[in-house]
Amino acid sequence: MANSLPTEFDVIVMGTGLPESILAAACSRSGQRVLHLDSKSYYGGNWASFSFPGLLSWLKEHRQNSDTGEESPAAWQDMIPETEEAIPLCKKDETIQHAEVFCYASQGMDGNIEELDALQKNPSCVASSTLIKPLNSACLSEETHSSHVTSYEVPTQDTPKNNEEITDRAETSVKEEYCGYNTYKHTVSDGTKDEIKPALEDNSVPPKRKRITYSQIVKEGRRFNIDLSSKLLYSQGLLIDLLIKSNVSRYAEFKNVTRILAFREGKVEQVPCSRADVFNSKELSMVEKRMLMKFLTFCLDYEQHPEEYQAFTQCSFSEYLKTKKLTPSLQHFILHSIAMTSESSCTTVDGLKATKNFLQCLGRFGNTPFLFPLYGQGEIPQCFCRMCAVFGGIYCLRHKVQCLVVDRESGRCKAIIDHLGQRINAKYFIVEDSYLSEETCSSVQYKQISRAVLITDQSVLKTDSDQQISILTVPPVEPGAHAVRITELCSSTMTCMKDTYLVHLTCSSSKTAREDLESVVKKLFTPYSETEVDQEELPKPELLWALYFNMRDSSGVSRSSYSGLPSNVYVCTGPDCGLGSEHAVKQAETLFHEIFPSEEFCPPPPNPEDIFFDSDEKPAEPLGTNNIIMAKLESSEGSKNLESSGKQFQN
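Rules and cut-offs
- Residues numbered from 1 in each chain as written.
- Predicted model: local features only at pLDDT ≥ 70, side-chain atom pairs only at ≥ 80, totals over all residues.
- Heavy atoms only, no water.
- Pairing = 2+ DSSP bridges.
- Helix = DSSP H or I, 4+ residues; strand = E, 2+ residues; numbered from the N terminus.
- Axes fitted to C-alpha atoms, helices over the stretch in contact; angles between N-to-C directions.
- Phe/Tyr/Trp six-rings, centres within 6.5 Å; stacked < 30°, edge-to-face > 60°.
- Lys NZ or Arg CZ within 6 Å of the ring centre and 35° of its normal.
- Salt bridge = Lys/Arg side-chain N within 4 Å of Asp/Glu carboxyl O.
- Buried < 20%, exposed > 50% of the residue type's maximum accessible area, 1.4 Å probe, protein only.
- Contact = heavy atoms within 4.5 Å.
- Core = buried A, V, L, I, M, F, W, Y, C linked by side-chain atoms within 4.5 Å.
- pLDDT = per-residue confidence, 0-100.
- Expected span 1.5 Å × (residues − 1).
- Parallel < 35°, antiparallel > 145°, perpendicular 65-115°, else oblique.
- Nonpolar A, V, L, I, M, F, W, Y, C, P; charged D, E, K, R; others polar.

1. Some words on the sheet that holds strand β16 (residues 413-418)
Strand order in the open sheet formed by four strands is β4-β15-β16-β17, and the pairing between neighbours is antiparallel. For this open sheet the edge positions go to β4 (84-88) and β17 (423-425), each flanked by a neighbour on one side alone. Taken over all neighbouring pairs, the strand axes of this sheet differ in orientation by 30° on average, direction set aside. In the sheet, strand β15 (residues 401-407) pairs with β16 via five bridges, with the strands oriented antiparallel. What sits directly across from V401, in β16, is D418.

2. Observations regarding the packing of aromatic side chains
Taken as a whole, this structure holds 18 aromatic pairs when the rule is applied. Between F102 and Y548 the ring centres are 5.9 Å apart and the planes differ by 80°, which places this aromatic pair in the edge-to-face class. Here the residue F102 occupies a position in strand β5 (residues 96-103), and Y548 occupies one in strand β24 (residues 542-553), the gap between them amounting to 446 residues. Members of the aromatic cluster, each reached through a chain of ring pairs, are Y42, F50, W58 and F549. In this structure, K324 packs its charged tip against the face of F298, placed 5.4 Å from the ring centre. Lying over the aromatic face of Y446, R552 brings its terminal NZ or CZ to 4.1 Å of the ring centre.

3. Some remarks on the pattern of salt bridges
Taken as a whole, this structure holds 17 salt bridges when the rule is applied. With a shortest N-O distance of 3.9 Å, R408 and E85 are connected by a salt bridge. Here R408 is found in the loop between β15 and β16, whereas its partner E85 is found in strand β4, with 323 residues between them in sequence. E85 gets classed as partly exposed once you look at its relative accessible area, which sits at 36%. Linking R223 and E220 is a salt bridge whose minimum nitrogen-to-oxygen distance equals 2.6 Å. Taken together, the salt bridges that share partners define one network made up of D10, R33 and K427.

4. Overview of the sheet that holds strand β1 (residues 11-14)
Across the sheet, which stays open at both edges, the five strands sit in the order β14-β2-β1-β18-β25 with parallel pairing between neighbours. This sheet does not close on itself; its edge strands, each paired only once, are β14 (394-396) and β25 (569-572). Put simply, the sheet's adjacent strands are angled 15° from each other on average, direction ignored. Relative to β14, strand β2 (residues 34-37) runs parallel, the two sharing three bridges. Following the sheet pairing, H36 is matched in β14 by Y395. In this fold helix α12 (residues 379-390) packs onto β2 and β14, with an angle of close to 130° to the strand it touches most, β14.

5. A few points about the nonpolar core
Core analysis: the largest hydrophobic core is formed by 98 residues, its most contacted members being F52, F295, F317, L505 and W545. Setting aside anything within four residues of it in sequence, one finds L505 in contact with S450, R451, A452, L454, V484, R485, I486, L517, V520 and V521. Counting 45 residues, the second-largest nonpolar core is a separate cluster that includes A24, L239, L371 and C602.

6. Quick notes on the confidence of the model for the protein
Low pLDDT marks stretches whose predicted atomic positions should not be read closely. For the protein, the average pLDDT comes to 78, and 74% of its residues sit at 70 or higher. Within the model, the stretch residues 617-651 combines pLDDT values under 50 with 64 contacts to residues more than four positions away or in other chains.

7. Regarding α12
Over its twelve residues, α12 extends 16 Å from the first C-alpha to the last, a length consistent with the 16 Å expected when each residue adds 1.5 Å. In terms of burial, α12 is largely enclosed, as ten of its twelve residues are buried. G392 occupies a position one or two residues after α12 and carries a positive phi of about 105°.

8. Focus: unusual backbone geometry
Residue M494 is not a glycine yet carries a positive backbone phi of 65°. Within the fold, M494 resides in the loop between β21 (484-489) and β22 (501-508). With phi around 70°, D499 is a residue other than glycine that occupies positive phi space. Tracing the backbone through its elements, the reader meets D499 in the loop between β21 and β22. The class of D499 is partly exposed, set by a relative accessible area of 29%.

9. Topic: the packing of helix α6 (residues 238-246) against helix α14 (residues 582-595)
In contact at an axis separation of 8 Å, α6 and α14 are set at 55° when each is read in the N-to-C sense. Here α6 lies oblique to α14, going by the angle between them. Within the contact between the two elements, α6 uses L238, L239 and L242 and α14 uses E582, V585 and K586. Class assignment for the residues of the contact of α6 with α14 results in four nonpolar, no polar and two charged.

This is the structure:
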């Protein structure tokens, strides 16, 4: 297909992250000829979601990428005439650093024997960093890494077979399973001990935890959809409004976040959000309930009462809350679980604005302000890519771009040259910042995001229902440190296997991800224990598997920081540290209006009944499979109707 690509386009987009995908959809919707490329084998970039084997392949790819040296000068240099010059693009992705994997669950014996041998024999930790050379890398099995990711295309890679002598699988020994700065060890017992024999029903016997082994996780790996970037959607946010307006919401399904949690005095508690939650709460006294309702009512229209907060505009929000005669528990709930701000850096006005935004999002699609897309956040960029393709956009994955071609006289970019040596011309170019070379980004100062992904066997706050979607903020212990945001997903979100939970931890980086987040993990979870323990004796959920990594945050970088870019080349940034995706939507809309100031941004799709064909003498027939536009697009009336759109957001 690559050899037959057209050579003339209006817009070329490089990268399939959320802002690039929104821009591609908007450009295609406005009638532009769009070519959307990605050097990776999957959609989404750092916004992607992976199955468990796909995530292992992603880790291996980044490890190999960091070990790869600079390539020799490419032949494209001979294709640039004297009247033009080239801006080389980056040859490897350096946005992920310090990746470390920890497997706590026992290996088990019910999976593929050859695969388990390889996983037990070799270290299970991958440490990949562009700054620190890895000490040990995971030798994952050929079968695991050649697996394809659900909804993605993952290239098959040949993995050399292990020539070392395979030890007896039934042997109980100490395995080296961690790496990074040091090699960590933990005991892996005989897999047969993990088998739980059925027992006769006896109400006097307390229930036992269901044992989850690593082989079960591998076997059920395709049931996982693990997000690289942990985000939620505000029900009154820009992304939801865009999904409804453009009717892209029909390509995805959503589930309401069921609980807002707080971590206080070493315990996890549920935060009352709505009026019903407040008055039904058993954690608050009647006086506290009235105080909380009074303050939340004020926050909904705080702009109408400036005398209440003007004297505290220079103070932090936490100091302002102390003046409102709120109890310490209420102050904690409002600051960390409703406004979701930091104690030191958030001003009073910003805190009131965040609280109002939280309250305004309540009740639109459920009892909390947040929605989560089924099958993970990686579905959202793909939804916009689908919209772009419906309106004629062309997509190519695994398609690298070697350079931008710039006209010396005008200073504008004219074309790209891909890895096949094909020159493709366009008027405008949209580039995800990871494609830019080190020379172009020499003046850029990037921030970092610390991320952790955990697989656990129970929820951090057990209730009668095991299908809870929760968000929890753990405040910093030390002054100047960052709060850690935790999102816990159950199996009904289609992101993990049954009887497990997928937990995402996110904070701004001050050190490596493991150094930033490990202390919080230890507070909430306990490592997997080989000894069978009663549920009542082990209050914390058991940690089965963990991944830590740092991700680049380029959201605060201005375009002027990039050197030597032509005026018709526009840069999109990767995920930021925020909970929502507001920054990505704002960026996409801003860049679209810079490129096409007179066009509407992602207008509703046309009503099929209003589409007429000039070549037809009679009116078009009803919807059918022969017409791709009429078959794919629904009535714009539905996109304007919040109630009909809301039916897609499951409670």
